[in-house]
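This is what each chain is made of:
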Amino acid sequence: MAFPLACAAGAAAVLALPPLSVLPAAPLAYSALFLLVAGARPRRGLALGYAFGLGYFAFGLSWIAESFAVDAERFGWMAVPAVSGLSALLALFPALACTAFTRLKAGGAMGAVAFATCWTAAEWLRGHVLTGFPWNLTGYALAEFDLLRQPAAWVGSYGLGFVLVLVSALAAVALRADGRRRTGAFALAGLICIASAGAGWLRLAAPPPDGTDVRLRIAQGNVAQTEKWRPGLREAIFARYLRLSAAPGAVDLLLWPETAFPGYLGEDAAAVDRIAEMLGPRQVLLAGAPDRVADGQGVRYFNAVQAYGAGGGPIADYAKHHLVPFGEYVPRWLPVARLVETPGDFAPGPGPRTLALPGLPLVGVAICYEIVFPGHVADKAIRPDWIFNATNDAWFGTSIGPRQHLASARMRAAEEGLPVVRAANTGISAVIDAEGRILARLGMERTGILDAELPAARPATLYARLGDLVLPPLVLAALLSAWLTDGGAARLWRRI
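Every chain's residues receive numbers from 1 upward, in the order its sequence appears when written. This being a predicted model, a pLDDT of at least 70 is required before a residue's local features are given, and a value of 80 or more before pairs of side-chain atoms are given or counted; all residues contribute to the totals for chains, interfaces and linings. Excluding hydrogens and water, the side-chain values take into account all heavy atoms of the structure.

Description of the overall build of the protein chain
What counts here: Every helix listed is a DSSP run of H or I at least four residues long, and every strand listed is a run of E at least two residues long, numbered separately from the N terminus. Each residue's exposure class comes from its accessible area (1.4 Å probe, protein chains only) as a fraction of the maximum for that residue type: buried when under 20%, exposed when over 50%, partly exposed otherwise. Only heavy atoms matter for contacts: two residues are in contact if any of them lie within 4.5 Å across the pair. Using a 1.4 Å probe, accessible areas were evaluated by the Shrake-Rupley method; residue-level cover was limited to the displayed protein chains. His is not counted, nor are the chain ends; Lys and Arg add positive charge and Asp and Glu add negative charge. Where a charge lies is defined by one atom per residue type: Lys uses NZ, Arg uses CZ, Asp uses CG and Glu uses CD.
Broken down by element type, the protein chain carries 18 helices and 12 strands. Projected onto its principal axes, the C-alpha positions of the protein chain cover 80 × 55 × 40 Å. Sorting the 496 residues of the protein chain into buried and exposed places 56% on the buried side. The contacts of the protein chain with a sequence gap of at least 6 include a subset with a gap of at least 24, amounting to 70%. If you sum the accessible surface of the protein chain, you get close to 20,600 Å²; carbon and sulfur atoms cover 63% of it. Positive and negative side-chain charges in the protein chain, numbering 42 and 36 respectively, have mean positions lying 12 Å apart.

Below you can see the structure in the form of structure tokens.
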């Protein structure tokens, strides 16, 4: 009975994530898992953690099956095996966390900290091993709650998940304990909640930064994935983006989504001339378009964002560096075709870069999948003033996938203290401020424009400066608090 319960708890944890965001589901799920594995032998802990992971990932990533329906004749048969196989692989991380916890044999509040630490360590590994897959991190249960999201500015999404699991485990400890230990566990959980909410309140109460006075326009072309790469539709797609961009209104910056131009824009002189004619003398366009470079290594293909001004010709460009496995490249040792039709695998760019555009604030670019990686969306050497997230979520229809993707963008804004502007082919396009609040949005499967003022940046947050180096001090502080809660202060006093 324990294993179905663990699997159900994993599925229930997904209810706490966007877009559902049923927050009480998170403490219930992680408390249940803690109670199931506390005191268990390592092999049983491994199996229970694996069962939890299966429920969590199979439910939370079910939307991936949508991408195989785009070319159902070739790839439709892969939908169920792909989701099942990915879930089975990712479930190893919760299994690792639970078996590691059982080996520590810690109880009381210290046990709660040990459980949260093992969980967060395994989640961090999931975000880094084999290029990483930090989708639906535990802390995202707080992504849609303005007050509760703000501590990410200090501890990041991994730290936010640590706090959430710790509070859940402390609640479970209190349910099983009695007397002083029950009171101590409840008190510590309450103090953590109060401190987190207080930190969030302070950040939201801080005076807003001065505005940028930069007017931007997002063009959401809403091109179905089945139509995007048809040669006969290229002109119609390009004309649609030109028409949307040229709509009346004062605009400084135009934004097109990932692969908005279905071809090599930098090689199409006629298309570049039409863009130059459309742009005003001080306007700039950031457009998603593939690129290719021929050099001593042969021809390399890039998923890129290019900047154009009224003078014609690209004035800056960025190449995506964190590519999607099986979508943009396939490991050489696997005989599997890419879902994306290109002449060859995409090559990775050099990494996060800050682009300088004439008359505009410095911008960092994150293309599609790159926005899900905490601490890896901004150039550390030259901090940008905002992040442009160009994406194409047409692969996933109206499933929960694009909504989960949007939640990741909100978390990056809160972590970095930078506004994030999201241009999505089929939606959801959005303007997000430096606290992660959505100021404007254009819904899914809508064709149109979104005009807004570019929000201003906040000063660099602690997480922006230190990244995941904030996690060890956070764990040490929790261990000290748990030791005091479990009677450490009293024992120390008696020795003195």
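A word on the state of the cysteines
Note the cut-off: Criterion for a disulfide: a pair of cysteine sulfur atoms within 2.5 Å.
Applying the stated criterion to the full structure yields 0 disulfides. Residue C98 stays outside any disulfide, its sulfur separated by 8.7 Å from that of C118, the closest cysteine.

Some remarks on the sheet that holds strand β5 (residues 314–319)
Quick note on the threshold: Following DSSP output, two strands are said to pair if at least two bridges run between them. Here, axes are lines fitted to C-alpha atoms. For helices the fit covers the stretch in contact, and angles between N-to-C directions go from 0 to 180 degrees.
Within the open sheet, the 6 strands sit side by side as β5-β4-β3-β2-β1-β12. Their pairing is mixed. Of all the strands in the sheet, just β5 and β12 (448–453) have a single pairing partner and so form its edges. Direction aside, neighbouring strands of the sheet carry axes that sit 35° apart on average. Of the pairings in the sheet, the one linking strand β3 (residues 284–295) to strand β4 (residues 298–309) comprises 12 bridges and is antiparallel in character.

Some remarks on the nonpolar core
Where we set the bar: We call a set of buried Ala, Val, Leu, Ile, Met, Phe, Trp, Tyr and Cys residues a nonpolar core when their side-chain atoms join them within 4.5 Å.
Counting residues in each nonpolar core, the largest one holds 93 residues, and the members touching the most others are F52, F115, F162, L166 and L170. Considering each element in turn, this core owes the most residues, 15 residues, to helix α10 (residues 152–176). Those residues in contact with L166 that sit more than four places away from it in its chain are A112, V113, A116, I192 and A478. I218, L355, V431 and A440 belong to the second largest nonpolar core, which has 28 residues in total.

So, the pattern of salt bridges
Condition: By definition here, a salt bridge exists when the distance from a side-chain nitrogen of Lys or Arg to a carboxyl oxygen of Asp or Glu is within 4 Å.
Under the defined criterion, the tally for this structure stands at 11 salt bridges. Linking E123 and R126 is a salt bridge whose minimum nitrogen-to-oxygen distance equals 3.3 Å. Of this pair, E123 and R126 both sit in helix α8 (residues 108–126), 3 residues apart, which is roughly one turn of that helix. Neither E123 nor R126 differs from the other in exposure class; each is buried. Notably, a salt bridge pairs E235 with R274, separated by 3.0 Å at the nearest N-O pair. Pair noted here: E235 is in helix α13 (residues 234–245) and R274 is in helix α14 (residues 269–278), with a separation of 39 residues, a long-range link. Given a relative accessible area of 43%, E235 falls into the partly exposed group. The structure contains a network of salt bridges with shared partners spanning D433, E435, R437 and R458.

Focus: the packing of α10 against helix α15 (residues 401–416)
For the record, the criterion: Should an angle fall under 35 degrees it is called roughly parallel, over 145 degrees roughly antiparallel, and 65 to 115 degrees roughly perpendicular, with every other angle called oblique. Polarity classes work like this: nonpolar for Ala, Val, Leu, Ile, Met, Phe, Trp, Tyr, Cys and Pro, charged for Asp, Glu, Lys and Arg, and polar for all others, with Gly in that last group.
Close contact between α10 and α15 brings their axes to 8 Å; oriented N to C, the two are set at 140°. Compared by their axis directions, α10 and α15 come out oblique. Every residue of α15 that contacts α10 at A152, A153, G156, S157 and L160 is listed here: M411, R412, A414 and E415. The residue makeup of the contact of α10 with α15, split by class, is 5 nonpolar, 2 polar and 2 charged.

Considering the packing of aromatic side chains
What counts is decided by this rule: Pairing of aromatic rings covers Phe, Tyr and Trp, the last counted by its six-membered ring, and requires centre-to-centre distances within 6.5 Å; plane angles under 30 degrees mean stacked, over 60 mean edge-to-face, and any other angle means tilted.
Per the stated rule, a full pass over the model turns up 19 aromatic pairs. Measuring from centroid to centroid gives 5.6 Å for F34 and F101, while their planes differ by 40°, and the two rings are tilted. Within this pair, whereas F34 is found in helix α2 (residues 25–37), its partner F101 is found in helix α7 (residues 92–104), the two being separated by 67 residues in sequence. Here the two residues F34 and F101 agree in accessibility, since each one is buried. With centroids separated by 5.1 Å and ring planes inclined at 90°, the aromatic side chains of F238 and F261 adopt a geometry described as edge-to-face. A residue pair is termed long-range when its members are at least 10 positions apart, and F238 in helix α13 and F261 in the loop between β2 (253–255) and α14 qualify at 23 residues. Each member of the pair, F238 as well as F261, is classed as buried. Feature note: the residues Y30, F34, F52, Y56, F57, F101, F115 and W119 constitute an aromatic cluster, connected by ring pairs.

Description of the pairing of strand β7 (residues 363–367)
The element β7 is extensively covered by neighbouring structure, given that 5 of its 5 residues are classed as buried. Side chains V363, V365 and I367 project from β7 onto one buried face, and the interleaved G364 and A366 project onto a second face that is buried too. Where strand β6 (residues 354–355) meets β7, 2 bridges bridge the pair, whose relative direction is antiparallel. The residue bridging T354 from the neighbouring strand is G364, located in β7.

Let's talk about the environment of R412
Stated precisely, the cut-off is as follows: Residues adjacent in sequence count toward polar contacts only when both atoms are side-chain atoms; beyond that, a polar contact is any pair of N or O atoms within 3.5 Å, and within protein one must be able to donate a hydrogen and the other to accept it.
Tracing the sequence through the fold places R412 in helix α15. Here R412 falls in the buried class, since its relative accessible area comes to 1%. Between the C-alpha atom of R412 and that of W229, which follows or precedes it by 183 residues, the distance is 31 Å. Here R412 is in contact with Y140, S157, I371, V372, F373, P374 and V377, once residues within four sequence places are set aside. Within the local environment of R412, its side chain forms a polar contact with the side chain of Y140, the two groups lying 2.9 Å apart.

Side note on the side chain of E370
For E370, the position within the fold is in the loop between β7 and β8 (386–391). A distance of 2.8 Å separates a polar side-chain atom of E370 from the backbone nitrogen of I367. Ignoring anything within four residues of it in the chain, the contact list for E370 reads Y318, K320, H321, H322, V365 and V377.

Notes on the sheet that holds strand β9 (residues 420–424)
Strands sit in the order β6-β7-β8-β9-β10-β11 across an open sheet of 6 strands; the sheet is mixed. For this open sheet the edge positions go to β6 and β11 (438–442), each flanked by a neighbour on one side alone. Sheet topology note: the β7/β8 ladder contains 5 bridges and is parallel. The partner of A366 across the bridge, within β8, is N389.

Function cannot be read off these values alone, since they describe shape.
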